[in-house]
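What follows is the residue order along each chain.
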Amino acid sequence: AVTAHPDWLKFAWREVARYHANQNDFAEAWRIVRRYATPPVLPAEAVGVSIPQLEQKVYSNPGDVADGYALYRAQSAAGKTDDALTTVRHFTERAGAPAYFHFLEAEAWAAKENWERAWQSWQRYSRATEGR
């Protein structure tokens, strides 16, 4: 029905994305998510702090989500996708981490064109934010 009525996609995008994922077309599922899903509200970015300084802060206080987020953003901006993914996964593997880390993990997997893992991370983010 959505194919015949593309304007319906803005209302049915979750189901259509899930359909594509169930067909193992994770790239299309992710494309739909990025087009229609509202991204999370993210903390302000740290300015003027180097990656080594942020790494030191995260290593000395591994549970500090603000420094972890700042390190992820700095690594992403520097094109260090693998490092950014390692940083964000440090937080997604911790109980009680903010849900936006799952969204960031999905973005990092998508940057590596690993669509299935991007979809899986998006699913974790979606479950963590249901009912909000």
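Here's a quick rundown of the structure. (Residues numbered from 1 in each chain as written. Predicted model: local features only at pLDDT ≥ 70, side-chain atom pairs only at ≥ 80, totals over all residues. Heavy atoms only, no water.)

At their nearest, the axes of helix 6 (residues 100-111) and helix 7 (residues 115-129) sit 8 Å apart, and the two run at 170° to each other. Classified by the angle their axes make, helix 6 and helix 7 are roughly antiparallel. Every residue of helix 7 that contacts helix 6 at Tyr100, His102, Phe103, Glu105, Ala106, Trp109 and Ala110 is listed here: Trp115, Arg117, Ala118, Ser121, Trp122, Arg124 and Tyr125. Residues belonging to the contact of helix 6 with helix 7 are distributed by class as follows: nine nonpolar, two polar and three charged. (Axes fitted to C-alpha atoms, helices over the stretch in contact; angles between N-to-C directions. Helix = DSSP H or I, 4+ residues; strand = E, 2+ residues; numbered from the N terminus. Parallel < 35°, antiparallel > 145°, perpendicular 65-115°, else oblique. Contact = heavy atoms within 4.5 Å. Nonpolar A, V, L, I, M, F, W, Y, C, P; charged D, E, K, R; others polar.)

We now examine the nonpolar core. In summary, soluble globular proteins display a tendency toward joint burial of nonpolar side chains. Formed by 30 residues in total, the largest nonpolar core has its most connected members in Trp30, Val33, Phe101, Leu104, Trp119 and Trp122. It is helix 6 that provides the largest number of residues to this core, a total of eight residues. With residues up to four places along the chain from it excluded, the contact list for Phe101 reads Val65, Gly68, Tyr69, Val88, Phe91 and Thr92. In this structure, Leu54, Val58, Ala70 and Leu71 belong to the second largest nonpolar core, which totals five residues. (Core = buried A, V, L, I, M, F, W, Y, C linked by side-chain atoms within 4.5 Å. Buried < 20%, exposed > 50% of the residue type's maximum accessible area, 1.4 Å probe, protein only.)

According to the stated counting rule, one finds seven salt bridges in the structure shown. The partner of Lys57 in a salt bridge is Asp67, and the shortest N-O contact between them spans 3.6 Å. In this pair, Lys57 sits in helix 3 (residues 51-60) while Asp67 sits in helix 4 (residues 65-77), placing the two residues 10 residues apart along the sequence. Overall, the relative accessible area of 37% leaves Lys57 in the partly exposed class. The buried category is assigned to Asp67, whose relative accessible area is 13%. With a shortest N-O distance of 3.9 Å, Arg124 and Glu105 are connected by a salt bridge. Highlighted residues: Arg124 in helix 7 and Glu105 in helix 6, separated in sequence by 19 residues. (Salt bridge = Lys/Arg side-chain N within 4 Å of Asp/Glu carboxyl O.)

So, about the packing of aromatic side chains. Per the stated rule, a full pass over the model turns up seven aromatic pairs. Seen in terms of ring centroids, Trp13 and Trp122 are 6.3 Å apart; in terms of plane orientation they differ by 50°. Their pairing is tilted. Of this pair, Trp13 sits in helix 1 (residues 9-22) while Trp122 sits in helix 7, and the two are 109 residues apart along the sequence. For Trp122, a relative accessible area of 4% corresponds to the buried category. (Phe/Tyr/Trp six-rings, centres within 6.5 Å; stacked < 30°, edge-to-face > 60°.)

In this structure, Asn24 takes a positive phi of about 65° despite not being glycine. You can call Asn24 exposed: its relative accessible area is 59%. Although it is not a glycine, Glu113 adopts a positive phi angle of roughly 60°. The topology assignment puts Glu113 in the loop between helix 6 and helix 7.

Time to look at helix 4. In this model, helix 4 (13 residues) spans 18 Å end to end at C-alpha, consistent with the 18 Å of a helix rising 1.5 Å per residue. Those residues of helix 4 that are buried lie in contact with helix 3, helix 5 (81-92) and helix 6. The distance from a side-chain oxygen at the start of helix 4 to the backbone nitrogen of Ala66 is 3.0 Å, and the residue carrying that oxygen is Asp64. Downstream of helix 4 by a residue or two, Gly79 has a phi angle that is positive, lying close to 80°. (Expected span 1.5 Å × (residues − 1). Polar contact = N/O pair within 3.5 Å; in protein donor to acceptor, adjacent residues only side chain to side chain.)

In short, the description is geometric, and any link to function would need to be established separately.
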